[in-house]
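The residues making up each chain are set out below.
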Amino acid sequence: MQTSSVIKVLAAWLLGLLVVIAGAITTVVVVNAHIFNPEEQVHNYLEAVSDGDGERALGLLNASVPNANAAMLDGAPLEQSMAAVEDVAVGDAVDVGDNRVDVTITYTVRGTELTSTFPLERTGTEWLFFNTWEFVPSVLPTLELSVINQAEATLNGTRVAMPEGRNRFAVFYPGDFEAHYTSEFFAAPAQTVSVTDRSTSGRRLALATEATDDLVEAVDAQVRRFLDECAAQTVFQPANCPFNFQTESRVAGDIRWAITEYPSVSIEPFNGNWVMAPLSGVAELSTSLQDLFTGTIEPVTVQREFGFTARLSVDDDEIAVTPVVQY
């Protein structure tokens, strides 16, 4: 073979080799940019959280669990934490030096735009060419929940124990959390909070439990029944009752009591219990009196303002109101 032919063959071979090498380099660059990149790790993490896969999310985030209740870290509660997180967009990685980048995501929660930033670091390569990225190790943030005078509450659709009315929960981020308390006699309106990054430890939800209308109506009925029974007594001083009438005249007709203004019932929390505010009302006495000196008999109608307190006990479906009358 002539020298010129050999040179042409070698040149063609080298050109082909360069093309292959260039293609391989391009492939590595493309794969690193679109598959083995920090943004993809964030996508994978968000997918795990949305699926309620706490074990996978925790491993991807490279996070440890603090000393807190773990009820929000898996399954339906975790999945629920992403239900209100909408319009998620993962931004490009920003180099911050030392083989580290920050990836910021934007999203909305109930119409409010929020952001979360994830720090990641390059930890090596796979198959000699492809970069490996991991989240910088962290500790999960926590959420503190309190509820007045109750030992449980509902957080992200899950009933959770609330010893002494308080608890602390480890959570993933981003996440939206809704808590409420509902029972027949006591309820607390729903409260929400969003956790946006790992530094938001100590986010709080405080549930202000109040007596329900059903409880107030039941207590009011007992108070009214007590006063009606007092009014049914045909004496000036009904026994164990908060109103009376005193006179030096002689009774000359029937004694009739009527409650013209019933107390307004108010139930409030106090020192770990439920108490009733002092009760006040008006009773009306109708009778006839005879003057001891003149013998004159006159009809009498008088209004008597009264006040008393009552002890309240609520146990499951049993309500007890115990009036406390002081003379």
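Further up the page is the structure itself.
I will try to describe carefully the structure that is included in this document.

## Structural notes on the packing of aromatic side chains
Applying the stated rule across the entire model yields 11 aromatic pairs. Seen from their ring centres, Phe243 and Trp257 are 4.8 Å apart, and the 50° between their planes marks the pair as tilted. Linking Phe243 in the loop between α5 (213-231) and β16 (250-251) with Trp257 in strand β17 (residues 256-261), this pair joins segments that are 14 residues apart in sequence. For the pair Phe243 and Trp257, one class covers both residues: buried. The aromatic ring of Tyr262 is capped on one face by Arg224, whose charged end is 4.1 Å from the ring centroid.

## Some details on a negative patch on the surface
Judged by side-chain charge, Glu184, Asp213, Asp214, Glu217, Asp315, Asp316, Asp317 and Glu318 come together as a negatively charged surface patch. With three residues, α5 is the single largest residue contributor to the negative patch. Relative to the elements of secondary structure, Glu184 occurs in the loop between β12 (175-182) and β13 (186-195).

## Topic: α5
If you check α5, its first and last C-alpha atoms are 26 Å apart, about what 19 residues at 1.5 Å a residue would give, namely 27 Å. Within the sequence span of α5, burial applies to Leu215, Val219, Val223, Phe226, Leu227, Cys230 and Ala231. Projected onto a plane normal to the axis of α5, the buried residues spread over an arc of 145° and lie on a single side. Opposite its buried face, α5 presents the exposed residues Asp213, Glu217 and Glu229, each directed more than 90 degrees away.

## Side note on the environment of Phe185
Looking at the secondary structure, you find Phe185 in the loop between β12 and β13. For Phe185, a relative accessible area of 7% gives the class buried. Residues Phe185 and Asp213, spaced 28 residues apart in sequence, show a C-alpha to C-alpha distance of 7.7 Å. Apart from residues lying up to four places away in sequence, Phe185 is in contact with Glu210, Ala211, Thr212, Leu215, Val314, Asp316, Asp317 and Ile319.

## Thoughts on the pairing of strand β9 (residues 152-155)
Sheet faces and side chains relate simply in a regular strand, where the side chains alternate between the two faces. Both β9 and strand β10 (residues 158-161) contribute to a ladder of four bridges, which runs antiparallel. The residue bridging Ala153 from the neighbouring strand is Val160, located in β10. Across two bridges, the pairing between β9 and β12 is antiparallel. Bridging across to β12, Thr154 finds its partner in His180.

## Structural notes on the environment of Leu143
Take Leu143: it is sitting in strand β8 (residues 142-147). Apart from the residues within four sequence positions on either side, Leu143 is in contact with Leu155, Asn167, Arg168, Phe169, Val171, Phe177, Val193, Arg203, Arg204 and Leu205.

## A look at the state of the cysteines
In this structure the tally under the stated criterion is one disulfide. Note on cysteine connectivity: Cys230 is disulfide-linked to Cys241, with sulfurs 2.0 Å apart. Given an S-S torsion of about -90°, the disulfide between Cys230 and Cys241 has left-handed geometry. Placement of Cys230 in helix α5 and of Cys241 in the loop between α5 and β16 is noted, with a sequence separation of 11 residues between them. Each member of the pair, Cys230 as well as Cys241, is classed as buried.

What counts, and at which threshold
Residues numbered from 1 in each chain as written. Predicted model: local features only at pLDDT ≥ 70, side-chain atom pairs only at ≥ 80, totals over all residues. Heavy atoms only, no water. Phe/Tyr/Trp six-rings, centres within 6.5 Å; stacked < 30°, edge-to-face > 60°. Helix = DSSP H or I, 4+ residues; strand = E, 2+ residues; numbered from the N terminus. Buried < 20%, exposed > 50% of the residue type's maximum accessible area, 1.4 Å probe, protein only. Lys NZ or Arg CZ within 6 Å of the ring centre and 35° of its normal. Patch = residues over 30% accessible without salt bridge, like charges linked within 9 Å, V, L, I, M, F, W, Y side chains within 5 Å. Areas by Shrake-Rupley, 256 points an atom, 1.4 Å probe, with all protein chains shown as cover. Salt bridge = Lys/Arg side-chain N within 4 Å of Asp/Glu carboxyl O. Lys, Arg positive; Asp, Glu negative; His and termini not counted. Charge placed at Lys NZ, Arg CZ, Asp CG, Glu CD. Expected span 1.5 Å × (residues − 1). Arc of directions from axis to C-beta. Contact = heavy atoms within 4.5 Å. Pairing = 2+ DSSP bridges. Disulfide = S-S within 2.5 Å.

Keep in mind these values describe shape, not function.
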